[in-house]
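Observations on the model geometry
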Amino acid sequence: MLFNGPVTRDWVGWHDEYATPGSALARRLEVVRGHLRPLLDRPRSVISMCAGDGRDVLPLLPAGSRAVLVEGDPVLADRARRSAADGVTVLTADAGTTTPYAPVAPAEIVLACGVFGNIADEDTRRTIAALPSLLAPGGTVVWTRAGSEAETVRDVFAANGFAELAFTAPSDARFRVGVHRLTRAPDPFLPDVRLFTFT
Ligand SMILES: C[S@@+](CC[C@H](N)C(=O)[O-])C[C@H]1O[C@@H](n2cnc3c(N)ncnc32)[C@H](O)[C@@H]1O
């Protein structure tokens, strides 16, 4: 499945900040991993939307896990593929529809890191409202959003049947990381549902 959508910016270059110790992105990565570690206590089924090079989840995945990482940039997708273990599928595809998640949905964990800050608010609402169709019962979402807009994201999760397990908001950085668990019954998975378009 090839994704031929428009390249919105230099996402490979965006990843360079991870290499700078103490940078906001390097710190955010540690927070995301810190939330993921206890969730990945045994083999899990995982979705990562707009996965980048997969550095947040791939090093932590227990053997026997099943994961689908969806990334539109072929260079980043190749990097993720090179560090992926058996059971991990990296698709160079549009993460903005439900279709590529079919092989692993319903998943126990969904990552939406670096997504909500790059899509319209309406698309954020639509995506969160659709997450119960990608999740197994009691499934968990780990997400990021910079600044005060993260408060709206928390409200949207609450309005869609999720309970907040954690929310990290450092006073000296703009990044925010949330962890929400689905507390209502999931919805059936449907392919080809539009979630978002990257802006
Ligand atoms: C802000 S980065 C986040 C990457 C990764 N999740 C992380 O936190 O390190 C956004 C990523 O989304 C990818 N992307 C942009 N539009 C996409 C689309 N429609 N489908 C899949 N990936 C997309 C970019 O190539 C980029 O790697």
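The preceding data block contains the structure.
Figured I'd write up the structure that's included with this text. (Residues numbered from 1 in each chain as written. Predicted model: local features only at pLDDT ≥ 70, side-chain atom pairs only at ≥ 80, totals over all residues. Heavy atoms only, no water.)

Here we look at the overall build of the chain
Scanning the chain from N- to C-terminus turns up five helices and seven strands. The principal-axis extents of the C-alpha atoms in the chain amount to approximately 40 × 40 × 35 Å. For the chain, the proportion of its 199 residues judged to be buried stands at 53%. By sequence separation, contacts in the chain at least 24 residues apart represent 66% of the contacts at least 6 residues apart. Distance between charge centres in the chain, computed from 21 positive and 23 negative side chains, equals 3 Å. (Helix = DSSP H or I, 4+ residues; strand = E, 2+ residues; numbered from the N terminus. Buried < 20%, exposed > 50% of the residue type's maximum accessible area, 1.4 Å probe, protein only. Contact = heavy atoms within 4.5 Å. Lys, Arg positive; Asp, Glu negative; His and termini not counted. Charge placed at Lys NZ, Arg CZ, Asp CG, Glu CD.)

What to know about the layout of surface pockets
Space left empty within the atom packing is revealed by a probe, the size of a water molecule, rolled over the atoms. Space inside the second largest pocket adds up to approximately 380 Å³. Looking at the lining of the second largest pocket, the elements with two or more residues in it are helix H1 (11–14), helix H2 (24–39) and strand E5 (135–146). Across the lining of the second largest pocket, the residue classes break down as six nonpolar, four polar and five charged. (1 Å grid on protein atoms, 1.4 Å probe; cavity = no way out; pocket = protein on both sides within 12 Å on 5 of 7 lines; lining within 4 Å. Points joined across faces, edges and corners; volume = space filled by probe spheres on them. Nonpolar A, V, L, I, M, F, W, Y, C, P; charged D, E, K, R; others polar.)

Let's talk about the pattern of salt bridges
Applying the stated criterion across every chain, the model contains 13 salt bridges. Residue glutamate 30 is joined to arginine 33 by a salt bridge in which the shortest nitrogen-to-oxygen separation is 3.3 Å. With glutamate 30 and arginine 33 both in helix H2 and three residues apart, the pair spans about one turn of that helix. For arginine 33, a relative accessible area of 17% translates into the label buried. A salt bridge links glutamate 164 to arginine 154; the shortest N-O distance between them is 2.8 Å. (Salt bridge = Lys/Arg side-chain N within 4 Å of Asp/Glu carboxyl O.)

Things to note about the site of the ligand
Near the ligand you find 20 residues, and of these Tyr18, Arg28, Cys50, Glu71 and Cys113 are the closest. Between a nitrogen atom of the ligand and a main-chain N or O atom of alanine 93, the distance comes to 3.4 Å. Contacts to the ligand include cysteine 113, whose backbone N or O atom sits 2.8 Å from a nitrogen atom. Burial of the ligand by the surrounding chains reaches 96%, relative to a free accessible area of 590 Å². (Near = heavy atom within 4 Å. Polar contact = N/O pair within 3.5 Å; in protein donor to acceptor, adjacent residues only side chain to side chain. Areas by Shrake-Rupley, 256 points an atom, 1.4 Å probe, with all protein chains shown as cover.)

Let's talk about the packing of aromatic side chains
Per the counting criterion, the structure on display carries nine aromatic pairs. Considering the side-chain rings of tryptophan 11 and tryptophan 14, the 5.8 Å spacing of their centres and the 70 degrees angle between planes classify their relative orientation as edge-to-face. With tryptophan 11 and tryptophan 14 both in helix H1 and three residues apart, this pair spans about one turn of that helix. When its relative accessible area of 23% is taken as the criterion, tryptophan 14 is described as partly exposed. When the ring of tryptophan 143 is compared with that of phenylalanine 167, the centres are 6.1 Å apart and the planes differ by 35 degrees; the resulting orientation is tilted. Taken as a pair, tryptophan 143 in strand E5 and phenylalanine 167 in strand E6 (residues 162–168) lie far apart in primary sequence, 24 residues in all. Three or more aromatic residues joined by ring pairs form one cluster here, namely Trp11, Trp14, Tyr18, Phe196 and Phe198. In this arrangement the basic side chain of arginine 9 is found over the ring face of tryptophan 11, its NZ or CZ atom lying 4.6 Å from the centre. Stacked on the ring of phenylalanine 167, the Lys or Arg arginine 154 has its end atom at 3.7 Å from the ring centre. (Phe/Tyr/Trp six-rings, centres within 6.5 Å; stacked < 30°, edge-to-face > 60°. Lys NZ or Arg CZ within 6 Å of the ring centre and 35° of its normal.)

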